[in-house]
Amino acid sequence: MSISTPVFVAALVALLGLLYFVFASFAFGAGYQPAPRAVVRRMLEFAEVGSADTVYDLGAGTGAIVFAAARGRGARVVAVEVEPIRVLILRLRRWFGGPRERVDIRWGNLFHLDFRPATVVVVFLWPEAMARLRPLLEDQLAGGARVVSHWHPVPGWTPTEVDPLTKVYLYRGVAARVGPSGPTPAA
Ligand SMILES: C[S@@+](CC[C@H](N)C(=O)[O-])C[C@H]1O[C@@H](n2cnc3c(N)ncnc32)[C@H](O)[C@@H]1O
């Protein structure tokens, strides 16, 4: 049985589209993989996210963490995402489900962001991106800010708490890690 040309072309286009969607953003810091629900729950629990928080999701994907933090915990969320189709999905999700006043979606490169307003930073990125991000967080985050990471720990930091089951790492006292000779281990 031979495959007809239109079916072959459609399958090829679908495959290329999928490869683009998942892998193209690797060039910026990570491909696409949504955090599973149990992971999102653990991240928000670990960081004790509440309505007083401003959560920065660095590489927001299609919003697994964004909408759980905004809807489930009442937090204000800044969602930065570099890949335009995912930005469109984020905007559609906010449009249809809200909360519009608490979810700020930014299409752009997370490394160009000002992190100073963040009280909580959530990341699910690749190790090279985490290494690049670390000095920016050390420079900019306020004393009480928490950083939660999934899958990869922040290189050079000692986590305050770890959940080995969901591979979630919590860091507190980020600003205090920076001394004259560079970052110090967590207390
Ligand atoms: C592994 S996914 C995690 C998505 C989401 N945070 C979650 O947990 O469901 C990483 C996301 O980061 C985005 N990303 C990678 N590098 C980025 C960069 N430099 N600036 C903004 N977004 C980036 C990718 O496009 C991808 O959607």
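Only a predicted model underlies this, so the values are computations on that prediction, with no experimental measurement involved.

1. Side note on the overall build of the protein chain
- A tally of regular secondary structure across the protein chain gives five helices and nine strands.
- Element order for the protein chain, N to C, with α for helix and β for strand: α-α-β-α-β-α-β-β-α-β-β-β-β-β.
- A globule of 187 residues ought to have a C-alpha radius of gyration of about 16 Å, and the protein chain, at 18 Å, matches this closely.
- Considering the protein chain as a whole, with its 187 residues, one finds that 35% of them fall into the buried category.
- Contacts in the protein chain between residues at least 24 apart in sequence constitute 64% of all its contacts with a sequence separation of at least 6.

2. Focus: the site of the ligand
- Residues in close proximity to the ligand total 24 residues, the closest being S25, G29, A35, G59 and G61.
- At the level of secondary structure, the elements contributing two or more residues to the shell around the ligand comprise α3 (64–73) and β2 (76–81).
- Across the shell around the ligand, the residue classes tally to 14 nonpolar, six polar and four charged.

3. Quick notes on the nonpolar core
- Formed by 50 residues in total, the largest nonpolar core has its most connected members in M43, V66, A69, V121 and V148.
- Of the residues forming this core, the biggest block, six residues, is contributed by α3.
- Sequence-distant contacts of V148, defined by excluding residues within four places in its chain, comprise M43, F46, A47, V120, V122, V168, Y169 and L170.

4. Focus: the confidence of the model for the protein chain
- In this model, the protein chain carries an average pLDDT of 92, and 93% of its residues clear a pLDDT of 70 or more.
- The low-confidence segment residues 179–187 (pLDDT under 50) makes 16 contacts with residues lying over four places distant or belonging to another chain.

5. Quick notes on the sheet that holds strand β7 (residues 168–172)
- The strand order β3-β2-β1-β4-β5-β7-β6 describes an open sheet built from seven strands, whose pairing is mixed. Each edge of the sheet is formed by a strand with only one pairing partner; in this case those strands are β3 (103–107) and β6 (161–163). This sheet shows a mean twist of 15° between the axes of neighbouring strands, independent of strand direction.
- Two strands pair when backbone bridges link them, and β6 and β7 are joined in this way by three bridges, in the antiparallel orientation. Within β7, the position partnered with V162 by the bridge is Y169.
- The strands that helix α2 (residues 37–46) touches are β4 (120–123), β5 (146–150), β6 and β7; relative to β7, the one it contacts most, it runs at about 15°.
- Of the strands in this sheet, β1 (54–58), β2, β3 and β4 touch α3, which is tilted by about 170° from β2.

6. Observations regarding unusual backbone geometry
- With an omega of -5°, the peptide bond between G98 and P99 qualifies as cis.
- By the element assignment, P99 lies in the loop between α4 (84–97) and β3.
- The phi angle at E48 is positive, at roughly 50°, despite the residue not being glycine.
- With respect to the element layout, E48 can be found in the loop between α2 and β1.

7. A look at the environment of E45
- Residue placement: E45 occurs in helix α2.
- Looking at E45, the number of C-beta atoms within 10 Å reads 14, which means it is partly exposed.
- C-alpha of E45 to C-alpha of K167: the two residues are 122 residues apart in sequence and 14 Å apart in space.

8. Overview of α4
- Between its first and last C-alpha, α4 extends 20 Å over 14 residues, near the 20 Å set by a 1.5 Å rise per residue.
- Within α4 the residues assigned to the buried category are R86, L90 and R94. Here the buried residues of α4 occupy an arc of 80° about the axis, which is enough to place them on one side. Along α4, exposed side chains directed more than 90 degrees from the buried face belong to P84, L92, W95 and F96.
- Looking at the buried positions of α4, the neighbouring elements they touch are α3, β2 and β3.

Conventions we followed
- Each chain has its residues counted from 1, running along the sequence as written.
- The predicted nature of this model means local features are confined to residues of pLDDT at least 70 and side-chain atom pairs, given and counted, to a pLDDT of 80 or more, with totals for whole chains, interfaces and linings taken over all residues.
- Numbering of helices and strands runs from the N terminus; a helix is a DSSP stretch of H or I covering at least four residues, while a strand is a stretch of E covering at least two.
- Computation of the radius of gyration draws on C-alpha atoms, with the globule rule given as 2.2 Å multiplied by the number of residues to the power 0.38.
- Our exposure labels follow a C-beta count within 10 Å of each residue's own C-beta, placed from the backbone: buried means 20 or more other C-beta atoms, exposed means 12 or fewer, and partly exposed covers the counts in between.
- Once C-beta atoms are placed from the backbone, any two residues with those atoms within 7 Å are in contact.
- For each residue, a C-beta atom is positioned from the backbone; the residue is called near a molecule or strand if that atom sits within 6 Å of it.
- Charged residues are taken to be Asp, Glu, Lys and Arg, nonpolar residues to be Ala, Val, Leu, Ile, Met, Phe, Trp, Tyr, Cys and Pro, and polar residues to be all remaining types, Gly included.
- By convention in this section, buried Ala, Val, Leu, Ile, Met, Phe, Trp, Tyr and Cys residues joined through C-beta atoms within 7 Å make up a nonpolar core.
- You can read pLDDT as the predictor saying how much it trusts each residue, on a scale of 0 to 100.
- The pairing criterion is simple: DSSP has to find at least two bridges between the two strands.
- In this analysis an axis means a line fitted to C-alpha atoms, helices contributing only their contacting stretch, and an angle means the value between N-to-C directions, from 0 to 180 degrees.
- Multiply 1.5 Å by the residue count of a helix minus one, and that product is the helix's expected span.
- Directions drawn from the helix axis to the C-beta atoms are what define this arc.

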